[in-house]
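Overview (structure and organization)
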Amino acid sequence: MEQVRSYMQSGELYAYSASADTDQVAGVVLAIPVEQDTVELKAVAVDRQLQGRGIGKLMLQRVLEDIRASGVKRVLVGTANAGIGQLAFYQKAGFRLLRIERDFFSPERGYPENMEDNGIRLRDMVWMDLVYPTAT
Ligand SMILES: CC(C)(COP(=O)(O)OP(=O)(O)OC[C@H]1O[C@@H](n2cnc3c(N)ncnc32)[C@H](O)[C@@H]1OP(=O)(O)O)[C@@H](O)C(=O)NCCC(=O)NCCS
C-alpha cells in the first residue's frame, strides 16, 4: 500500500493506493487539528468497490501511527448513530465511545430529513476518541 500525503490548508490529507503498481486512490483520510494535542479524523473513506478487504484497517493504522509520531496525544472521530459498520470499524481500531451529540444531523444544520442507514434514522453524532498512552 502506497501513501501519498499532501498538506491541506487546515490539516493533512492522506491518500492511499491499494498497491505500489497503481496511482489509483483506494482510500483517503483527512486529519485536522482541532485543539491542543488533538486531531480530528474527517472524510475517512475507502472506494466502495474495495471496501471489506482490510484496506480501511491498514490505512487507519498507518494514519494513526503517523499522527502519533507527530506528538499528538488524542484522536477524535465522529460518526452517525446509524453507521453500524463505522462504529465497529473505529472501535476495532482502538477508539472508545466518548459522547453523543443529539440531533446533529438535523435540517436546521443543513442535513436532509429522514436520512437512513441500515434501516435506522440518522439523527445523532457519536463521538469517539483514541488516547495514546503516555510513556511512564
Ligand atoms: C468505514 C470504511 C472506511 C471501512 O473501510 P474498509 O476497507 O471497508 O474496512 P476493512 O475491510 O479494513 O475493515 C476493518 C475492520 O472493520 C470491520 N468493519 C468494516 N466495515 C464493517 C461493517 N459494515 N460492519 C461490521 N464491521 C465492519 C471489519 O470487519 C474489519 O474487522 P476485523 O479487523 O476484525 O477484520 C469504509 O467502509 C467506507 O469508506 N465507508 C463509507 C464511508 C464512511 O462511512 N466513512 C466513515 C465516515 S465516519
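As shown above, the structure is provided for reference.
Report follows, based on the coordinates. (Residues numbered from 1 in each chain as written. Predicted model: local features only at pLDDT ≥ 70, side-chain atom pairs only at ≥ 80, totals over all residues. Heavy atoms only, no water.)

Let us now look at the overall build of the protein chain. The helix and strand inventory of the protein chain stands at 2 helices and 9 strands. Scanning the protein chain from its N terminus toward the C terminus, one meets helices and strands in the order β-β-β-β-α-β-α-β-β-β-β. At 16 Å, the protein chain has a C-alpha radius of gyration in line with the 14 Å of a compact globule built from 136 residues. Taking the principal axes of its C-alpha atoms as reference, the protein chain extends roughly 40 × 40 × 30 Å. When contacts within the protein chain are restricted to residue pairs at least 6 apart in sequence, long-range pairs at least 24 apart make up 52% of them. When the accessible surface of the protein chain is split by element, carbon and sulfur atoms take 47% of a total near 8700 Å². Mean positive and mean negative side-chain charge positions of the protein chain (16 and 18 charges, respectively) differ by 5 Å. (Helix = DSSP H or I, 4+ residues; strand = E, 2+ residues; numbered from the N terminus. Rg over C-alpha atoms; globule rule 2.2 N^0.38 Å. Contact = heavy atoms within 4.5 Å. Areas by Shrake-Rupley, 256 points an atom, 1.4 Å probe, with all protein chains shown as cover. Lys, Arg positive; Asp, Glu negative; His and termini not counted. Charge placed at Lys NZ, Arg CZ, Asp CG, Glu CD.)

Relative to the helices and strands, Met59 resides in helix α1 (residues 55-69). Taking C-alpha positions, Met59 is 9.5 Å from Ala26, a pair spaced 33 residues apart along the chain.

To continue, consider the packing of aromatic side chains. For the structure on display, the rule yields 5 aromatic pairs. Residues Tyr90 and Phe95 carry aromatic rings whose centres are separated by 5.6 Å and whose planes lie at 75° to one another, so their mutual orientation is edge-to-face. Each member of the pair Tyr90 and Phe95 is classed as buried. Taken together through their ring pairs, the aromatic side chains of Phe89, Tyr90 and Phe95 make up a single cluster. Geometry around Phe104 places Arg109 over its ring, the cationic atom sitting 4.1 Å from the centre. (Phe/Tyr/Trp six-rings, centres within 6.5 Å; stacked < 30°, edge-to-face > 60°. Buried < 20%, exposed > 50% of the residue type's maximum accessible area, 1.4 Å probe, protein only. Lys NZ or Arg CZ within 6 Å of the ring centre and 35° of its normal.)

Moving on: the nonpolar core. By size, the foremost hydrophobic cluster in this structure holds 25 residues, and its most contacted members are Tyr14, Leu41, Val63, Leu64, Ile67, Val75 and Phe95. Counting only elements with at least two residues in this core, the list comes to β2 (12-17), β3 (25-35), β4 (38-46), α1, β5 (74-80), α2 (84-92) and β9 (125-131). Considering every element that reaches this core, the biggest residue donor is α1, with 6 residues. There are two domains that each give this core at least three residues, and those are domain 1 (1-69) and domain 2 (73-136). Counting residues in each nonpolar core, the second largest holds 8 residues, with Ala82, Phe104, Leu122 and Met125 among its members. (Core = buried A, V, L, I, M, F, W, Y, C linked by side-chain atoms within 4.5 Å. Domains from an automatic or database assignment.)

Right, let's talk about the site of the ligand for a bit. The full set close to the ligand counts 18 residues, and Val44, Val46, Gly52, Lys57 and Gln86 are the nearest of them. Lys57 is positioned such that a nitrogen or oxygen atom in its side chain is 2.7 Å from an oxygen atom of the ligand. Taking Gln86, its side chain carries an N or O atom lying 2.5 Å from an oxygen atom of the ligand. Compared with its free state, where it exposes 930 Å², the ligand has 65% of that area covered by protein. Those elements that provide at least two residues to the shell around the ligand are β4, α1, β5 and α2. The element contributing the most residues to the shell around the ligand is α2, with 6 residues. (Near = heavy atom within 4 Å. Polar contact = N/O pair within 3.5 Å; in protein donor to acceptor, adjacent residues only side chain to side chain.)

The end-to-end C-alpha distance of α1, which contains 15 residues, comes to 21 Å, matching closely the 21 Å that a straight helix rising 1.5 Å per residue would cover. Buried residues of α1: Ile55, Gly56, Met59, Leu60, Val63, Leu64 and Ile67, and no others. End-on view of α1: buried residues confined to an arc of 155°, all on one side of the axis. Of the exposed residues in α1, the ones pointing more than 90 degrees away from its buried face are Lys57 and Ala69. On its buried face, α1 is in contact with β2, β3, β4, β5, α2 and β9. (Expected span 1.5 Å × (residues − 1). Arc of directions from axis to C-beta.)

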